[in-house]
Amino acid sequence: MRPLYHEINSQLEIYTKKNATLPPHLHKYLECIYVTEGRLRLGFGEEWEELKPHDLAVIFPDMIHQFLVEEEEESHAIYMLGTPALAGSFAGILQKYYPRTPVIRRERVHPDIIYGMNTLLCSEKASYYFDLQQAYFQILLARALPECQLLEKREQKFSDLPWQMVSYISQHFMEEVSLPAMAYELGTSPYVLSRIFSSVFHTNFNQYLNEIRLDYASGLLRTTERSITDIMIDAGFNSQTTFNRVFREKYHISPRDYRKQNQNMSSQVRQRLLAAGEQGGASEGLGSETQWHLVKGRFL
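In this text, all values refer to a predicted model and were calculated from it rather than measured experimentally.

It is not clear to me how the overall build of the protein should be interpreted in this structure. Could you clarify?
Regarding its fold elements, the protein presents eleven helices and eleven strands. Looking at the protein residue by residue over its 300 residues, the buried ones come to 52%. Summarising the internal contacts of the protein: among those between residues at least 6 apart in sequence, 74% fall at separations of at least 24. When the accessible surface of the protein is split by element, carbon and sulfur atoms take 47% of a total near 14,600 Å².

How do you make sense of the pairing of strand β3 (residues 30–37) when you look at a structure like this?
Two faces, one strand: in a regular strand the side chains alternate between the faces of the sheet. Of all eight residues in β3, seven are buried, a share of seventy percent or more. In this structure, β3 lies alongside strand β8 (residues 76–82), joined through seven bridges in antiparallel fashion. When the bridges of β8 are listed, E37 appears paired with H76.

So what exactly am I meant to see when it comes to the packing of helix α2 (residues 111–122) against helix α3 (residues 129–144) here?
If you want to describe how two helices pack, look at the angle between their axes and the distance between the axes. Viewed as axis vectors pointing N to C, α2 and α3 meet at an angle of 160°, and their least axial separation amounts to 9 Å. When the interaxial angle is binned, α2 and α3 end up roughly antiparallel. Helix-helix and strand crossings are classified by hand; for α2 and α3 the assignment is left-handed. Packed against α2, whose contacting residues are D112, I113, Y115, G116, M117, T119 and L120, the element α3 presents Y129, L132, Q133, Y136, I139, L140, R143 and A144 at the interface. For the contact of α2 with α3, a count of residues per class yields ten nonpolar, three polar and two charged.

Explanation requested: the sheet that holds strand β1 (residues 12–18) in the structure shown.
Each strand in a sheet pairs with its neighbour through backbone hydrogen bonds, running either in the same direction (parallel) or in the opposite one (antiparallel). Within the open sheet, the five strands sit side by side as β1-β8-β3-β6-β10. Their pairing is antiparallel. The open sheet terminates on both sides in strands that have one partner only, identified here as β1 and β10 (103–104). Pairing geometry for strand β6 (residues 56–59) and β10, over two bridges, is antiparallel. Bridge assignment links A57 to a residue of β10, and that residue is V103. Those strands touched by α2 are β1, β3, β6 and β8, and its axis lies near 95° from that of β1.

Help me understand the layout of surface pockets in this model?
A probe matching the size of a water molecule, rolled over the atoms, marks out where space remains unfilled. When its volume is computed, the largest pocket comes out at roughly 1,100 Å³. Every residue lining the largest pocket is counted, 41 residues in all, and those nearest its centre are P24, G45, I64, Q66 and F201. Elements represented by at least two residues in the lining of the largest pocket include exactly β2 (22–25), β4 (40–44), β5 (47–51), β7 (65–68), β9 (97–99), α4 (161–172), α7 (205–223) and α9 (240–251). In terms of residue count, the dominant contributor to the lining of the largest pocket is α7 (six residues).

Explanation requested: the pairing of β4 in the structure shown.
In terms of burial, β4 is largely enclosed, as four of its five residues are buried. Inspection of the sheet shows β4 paired to β5 by five bridges, in the antiparallel sense. Directly across from G43, in β5, lies its bridge partner W48. What sits between β4 and β5 in their antiparallel hairpin is a turn of two residues, with G45 showing a positive phi close to 65°. Where β4 meets β7, four bridges bridge the pair, whose relative direction is antiparallel. Bridge pairing in β7 links F44 to H65.

Would you explain α9 in this entry?
An α-helix turns once per 3.6 residues; consequently, residues spaced three or four apart project the same way. For α9, which comprises twelve residues, the first-to-last C-alpha distance of 16 Å matches the rise-based estimate of 16 Å (1.5 Å per residue) to within 8%. What α9 keeps buried is the set F243, V246, F247, K250 and Y251. All buried residues of α9 fall inside an arc of 115° around its axis, so they share one side. Among the exposed residues of α9, those pointing more than 90 degrees away from its buried face are T241 and E249.

Explanation requested: the sheet that holds β4 in the structure shown.
Read from one edge of the open sheet, four strands run β2-β7-β4-β5, paired in antiparallel fashion. The sheet terminates laterally at β2 and β5, the two strands that pair on one side only. Averaged over all pairs of adjacent strands, the angle between their axes in this sheet comes to 20°, without regard to strand direction.

Where do I start with the environment of H76 in this structure?
Mapped onto the secondary structure, H76 falls in strand β8. Spatially, the C-alpha atoms of H76 and T16 are 7.3 Å apart, while their sequence positions differ by 60 residues.

Sorry if this is basic, but what is going on with the packing of α4 against helix α6 (residues 190–199) here?
Where α4 contacts α6, the axes come no closer than 11 Å and their chain directions differ by 95°. Our classification of the angle between α4 and α6 gives roughly perpendicular. Between α4 and α6, the contacting residues are L161, P162, M165 and I169 on the first element and V192, L193, I196 and F197 on the second. Of the residues assigned to the contact of α4 with α6, the class counts are eight nonpolar, no polar and no charged.

Procedures and definitions
- Throughout, a residue's number is its position along its own chain's written sequence, starting from 1.
- In keeping with the predicted nature of the model, local features appear solely for residues at pLDDT of at least 70, side-chain atom pairs appear and are counted solely at 80 or more, and the whole-chain, interface and lining totals rest on all residues.
- Hydrogen atoms and water are omitted, and side-chain values are computed over all heavy atoms in the structure.
- Helix and strand definitions here come from DSSP, where helices need a minimum of 4 consecutive H or I residues and strands a minimum of 2 consecutive E residues; each element is numbered from the N-terminal end.
- Throughout, exposure labels follow a simple rule: accessible area from a 1.4 Å probe, protein chains only, divided by the maximum for the residue type, with under 20% read as buried, over 50% as exposed, and the rest as partly exposed.
- Residue contacts are counted whenever heavy atoms from the two residues lie within 4.5 Å of one another.
- Shrake-Rupley sampling with a 1.4 Å probe provides the accessible areas, and residues are treated as covered by the protein chains on show and by no other component.
- Pairs of strands are assigned from DSSP output, requiring at least two bridges between the strands.
- Geometry is summarised by axes, namely lines fitted to C-alpha atoms with helices restricted to the contacting stretch, and by angles between N-to-C directions that run from 0 to 180 degrees.
- Working definition: roughly parallel below 35 degrees, roughly antiparallel above 145 degrees, roughly perpendicular at 65 to 115 degrees, and oblique for all remaining angles.
- A clockwise turn of the near helix away from the far one marks a right-handed crossing, whereas an anticlockwise turn of less than a right angle marks a left-handed crossing.
- Asp, Glu, Lys and Arg are counted as charged, while Ala, Val, Leu, Ile, Met, Phe, Trp, Tyr, Cys and Pro are counted as nonpolar; the rest, among them Gly, fall into the polar class.
- Cavities and pockets are defined on a 1 Å grid built over the protein atoms alone: a cavity is a set of grid points where a 1.4 Å probe fits but cannot escape, while a pocket is an open set with protein on both sides within 12 Å along at least five of seven lines, and lining residues are those with an atom within 4 Å of any such point.
- Grid points are joined across faces, edges and corners, and a volume is the space filled by probe spheres set on the points.
- The span you would expect from a helix comes to 1.5 Å times its residue count less one.
- The arc in question is the one spanned by the directions pointing from the helix axis to the C-beta atoms.

In structure tokens form, the structure reads like this:
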């Protein structure tokens, strides 16, 4: 799975991973997060919501959001990222509206949503995978949108400076980026941007930029066989020493060991899901009680 700041290679991508703290960011896709273990704090606008196991977050395109995980917390989730092109008749809703709160609590999460995400997670190599993408993406929207209070996007301030800052770094983090150059492009001063980084994002420019680059690099480490040096350069780092140091500070492990650890975890999760599906049987149906208990089991 490519990180959220870059074009994805297909219309829909889905993966499992350990949750991590991530600064404010946005992207052009619908993002769904189903927490399977631990807790994940989701920030959107000036509000925060805590996601617990079996809660679902539905984050619309161009919606600034951030994640926070306590360092000692063991937290995992299924992430799904899809383009509005898959949404069919729901595409207009994704373009014109956004949810007042993107969180759907476990008792309101329909079984079809979880079954669909599990099916997509275990069927990526199937010849009919594109048809599954369209079908389950629209089923998810049909089940999730009635649980959301939708507001028109014109009611949200998409032109304010923090939004412009997040958008600018999302587009340019792989390049040489400096605070003065960013201030010039946005028509303001480095001092103003520094104040916003401190008061709104609770960090500084360099720390924020490194967080974005590290998330991009970690995504490539999880899902590609590209060399670590190529990934480092592609993510915008120009020093192997700096890359290794900031990577260890965030993930407490080397890039090489991080790749091995996450590839092993992904393989184990898939095997468990496939085994559980065989035990539950495909004929139970999307809304069956047996399948509902199965996908909400602790193996997720």
